[in-house]
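Observations on the three-dimensional arrangement
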Amino acid sequence: MGYSALVRIVQSLVTLLAMSILVFVAVYLIGNPIELLVPPQASESEMARAAQALGLDQPLPLQYLHFLGQALQGDMGRSFTSNAPALTVILERMPATLELAIAAALIATGLGIPLGLLSALHEGSRTSRLTLGLATLGFAMPTFWIALLLVMVFSVQLEWLPSGGRDASGTVFGLGTSFGSWRGLAHLAMPACSLALFKLALIIRVTHAATRDTLRLDHVRQAHARGLSGVRILTAHVLKNISAPLLNVIGLEFGALVAFSVVTETVFAWPGMGRLLIDAINTLDRPVIVAYLLLTVALFTLINLTVDVVCLAIDPRLRQAPNR
Amino acid sequence: MSRYGRSGTLVASGTPGRSGTGHRAGSPGYASGLTIAIVAGVLLGAAIAAPWLAPQDPYDLASLRLDHARLAPLTRDEDGTLHLLGSDDQGRDMLSAILYGLRVSLGVAGAGTALALAVGLAAGLGAAWRGGRLEALIMRVVDLQLSFPTILVALMLIAALGQGPDKVIIAIAVSQWAYHARTVRSTAATELRRDYIAAARGLALPAWRILIGHLLPNCLAPVVVLATAQMAAAISLEATLSFLGLGVPVTRPSLGLLIANGAQYVFAGQYWMSLWPGLVLLATIVVIQHTGEQFGRAVAGGVSRR
């Protein structure tokens, strides 16, 4: 267990390093930001001075080493557009995005696991088929379009929910968050639901498939033969078996929720870091792009690592054969 | 036994991919194969025949009139032209814009999927054939990439390369090749142990003939299933990138960009500019996903009979 966990941690560090190189090289290949920052009538020497000030005249490997050294100290350069530290700019927006992703994850797992279980327990029934049918539809629906549909129905037609923005005036434990007030929750409802839909469909399908496969296993059938109650079989024999694959999916998908919030934030004018990334891409604000990507990659690696270690802890089968 | 649902159909233990493409058997028959086939035919036909079907050429900027903008569905403009699905904020007839948009969506996604398939096949076959370090390297890269969501990979590429249909195609290919590579490698590794490969080697055929003439055709089935599912994902990805304004140019909108253009008017209750292209997009994705699942079932049947 300890050894396997250590291997994963080292792997994660290597991943982070590799990704930082990739991100840096990829992003620093794009057009010359100096042309955007310096007025077009600027002379050659003015351009050169600006490049020097931003460190853009150095060779790429040197720029990278410098960048890596700075990044490890939490300094990812200053935003070309706002001149504030890139990391600060993103960290300011991060709570809004995490809040959205957490709300969506709660919806997706809170509804998805029971629905998936039920549809597998009552395989072939009308409710089961309806659930799976809706999951198929949810699986196909692009996030941004379902978001617009929600706005059409709940904001424009029914006028129940606000069509955009975030209200973090309510507080929980002294932190301003949407979970702190009804107005906040009303603002959060549609973004979270639209973001959750795809993952909900996915979790229903994964839970359904895993449960169905588990129900066929000998030990579950034997538990039935022993006369154990349905609830006991479900908690002790089925849930225990499907928890590791499920946890894997949920962990991975939480990261995907953070990445996909780019889309939801655009539709609902949610002031998170996803919207920031789109703006940064459009203005070629490289420090912000790099900081966003690195932060997301770090978040991902951390989530993957946590999931792996937790899975190692709860599923003894994984500890025996580290390679498969 | 029956209380646990239908008895298990043996399914090829393909790739339980992150996108959930490995799903099978239990999915509901909410739409019969015939309906799916008809819808698929109509969509494909409409995309191909767009220039002949569309009442207006949405790419002909000279013919667009701003005073014909944002007409509701089923209204006639002053010239008496009926706008069945309404018109958008540029004065484009929605039906025409959707027909052309479907073309763009299918074209870009199709090219991206094909490129991903080609790269994935090459990498997967190469890894299985050569083995050793090359295989370890390729599969490590594949694992690394698959641990990140496609949208993030695509955004990273767009950030690096800039915008445009060609960039979207590259973004699709780069974010999807790893799925193909993984599937091809595992299939090829199994196939390589079979007798016909040993026989081909015994005949001292050149490596390329064994690879292309013998190995490749036998690795295709699971990849075709995967490619179909990935095509649906590619359409969705293209639509998402275009919706974010990072995809195709505004003058030649895809379905995703049409939805984005209409999005601002949704708040004013002018739903049609986003609703219709969205429905077509949804229908396209559902049809392709369903086809993929059918392929998957057919292939799984073939495998279990072996």
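All values reported here derive from a predicted model rather than from experimental measurement.

What counts, and at which threshold
- Residues numbered from 1 in each chain as written.
- Chains lettered and ligands numbered in written order.
- Predicted model: local features only at pLDDT ≥ 70, side-chain atom pairs only at ≥ 80, totals over all residues.
- Heavy atoms only, no water.
- Contact = heavy atoms within 4.5 Å.
- Buried area = accessible area lost by both parts, 1.4 Å probe.
- Salt bridge = Lys/Arg side-chain N within 4 Å of Asp/Glu carboxyl O.
- Polar contact = N/O pair within 3.5 Å; in protein donor to acceptor, adjacent residues only side chain to side chain.
- Helix = DSSP H or I, 4+ residues; strand = E, 2+ residues; numbered from the N terminus.
- Phe/Tyr/Trp six-rings, centres within 6.5 Å; stacked < 30°, edge-to-face > 60°.
- Buried < 20%, exposed > 50% of the residue type's maximum accessible area, 1.4 Å probe, protein only.
- Expected span 1.5 Å × (residues − 1).
- Axes fitted to C-alpha atoms, helices over the stretch in contact; angles between N-to-C directions.
- Left-handed = near helix turned anticlockwise from the far one by under 90°.
- Nonpolar A, V, L, I, M, F, W, Y, C, P; charged D, E, K, R; others polar.
- Core = buried A, V, L, I, M, F, W, Y, C linked by side-chain atoms within 4.5 Å.
- pLDDT = per-residue confidence, 0-100.

What to know about the interface of chain B and chain A
At the interface, 50 residues of chain B touch 54 residues of chain A. Taking both partners together, chain B and chain A bury about 4800 Å²; carbon and sulfur atoms supply 73% of that area. Where chain B touches chain A, the interface holds one salt bridge. Between A:Arg205 and B:Glu293 there is a salt bridge, and its shortest N-O distance comes to 2.8 Å. Summed over the shared surface of chain B and chain A, the number is three residue pairs in polar contact (both at pLDDT 80 or more). Breaking the side of chain B that touches chain A down by element, the ones donating at least two residues are helix H5 (150–161), helix H8 (207–243), helix H9 (255–266) and helix H10 (272–305) of chain B.

Topic: the packing of aromatic side chains
Within this structure, the stated rule accounts for three aromatic pairs over all chains. With 4.3 Å between their ring centres and 20° between their planes, A:Phe144 and B:Phe243 make a pair best called stacked. One end of the pair, A:Phe144, is in helix H7 (residues 143–157); the other, B:Phe243, is in helix H8, on a second chain. The buried category is assigned to B:Phe243, whose relative accessible area is 9%. When the ring of A:Phe154 is compared with that of A:Trp160, the centres are 6.0 Å apart and the planes differ by 40°; the resulting orientation is tilted. Classification of A:Phe154 as partly exposed rests on a relative accessible area of 26%.

Points about the side chain of A:Thr143
Along the chain, the position of A:Thr143 falls in helix H7. Here A:Thr143 is in contact with A:Ser194, A:Leu195, A:Phe260, A:Val263 and A:Thr264, once residues within four sequence places are set aside.

Some thoughts on helix H12 (residues 286–314) of chain A
Residue pairs spaced three or four apart in an α-helix point in one direction, given the helix's 3.6 residues per turn. Look at H12(A): 42 Å from first C-alpha to last across 29 residues, which is about the 42 Å you get at 1.5 Å a residue. The buried fraction of H12(A) is high, at 21 of 29 residues.

A word on the side chain of B:Ser254
Looking at the secondary structure, you find B:Ser254 in the loop between H8 and H9. Residue B:Ser254 is classed as buried on the basis of its relative accessible area of 0%.

Points about the packing of helix H3 (residues 94–130) of chain B against H8(B)
Residues and elements named next belong to chain B. At a closest axis distance of 8 Å, the pairing of H3 and H8 adopts a crossing angle of 140°. Where H3 crosses over H8, the handedness of that crossing is right-handed. For the contact of H3 with H8, the per-class residue count stands at 19 nonpolar, four polar and one charged.

Remarks on the pattern of salt bridges
Two side chains bearing opposite charge may form a pair once their charged atoms approach each other closely. Tallying each qualifying case throughout the model produces nine salt bridges over all chains. Put simply, A:Arg8 and A:Asp308 hold a salt bridge, and the shortest N to O gap is 3.7 Å. Pair noted here: A:Arg8 is in helix H1 (residues 2–27) and A:Asp308 is in helix H12, with a separation of 300 residues, a long-range link. Taking relative accessible area as the criterion, A:Asp308 reaches 25% and is therefore assigned partly exposed. Across the pair B:Glu191 and B:Arg194 runs a salt bridge, and its minimum N-O distance is 3.4 Å.

Considerations on the nonpolar core
If you look at soluble globular proteins, the nonpolar side chains tend to sit buried side by side. A:Phe144, B:Leu155 and B:Phe243 are the most contacted members of the largest nonpolar core, which has 118 residues in total. Sort the elements by how many residues they give to this core and H12(A) lands first, with 14 residues. Discounting chain neighbours no more than four positions away, the residues touching B:Phe243 are A:Phe144, A:Leu148, A:Val267, B:Gly256, B:Ile259, B:Ala260 and B:Ala263. Grouped together as the second largest cluster of nonpolar side chains are 13 residues, B:Ile197, B:Ala200, B:Ile210 and B:Cys219 included.

Quick word on the confidence of the model for chain B
Close inspection of predicted coordinates is inappropriate in any region flagged by low pLDDT. All names here are of chain B. A residue-level look at chain B finds 82% of positions with pLDDT of 70 or above and a mean pLDDT of 78. Confidence drops under pLDDT 50 across residues 1–28; counting only partners more than four residues distant or on other chains, this segment forms 56 contacts. Both scores are available for the predicted complex, with the pTM at 0.81 and the ipTM at 0.79.

Points about helix H6 (residues 126–140) of chain A
Taking 1.5 Å of rise per residue, the 15 residues of H6(A) would be expected to cover 21 Å, and the 21 Å separating its terminal C-alpha atoms lies within 8% of that figure. Among the residues making up H6(A), those that are buried are A:Ser128, A:Thr131, A:Leu132, A:Gly133, A:Ala135, A:Thr136, A:Gly138, A:Phe139 and A:Ala140.

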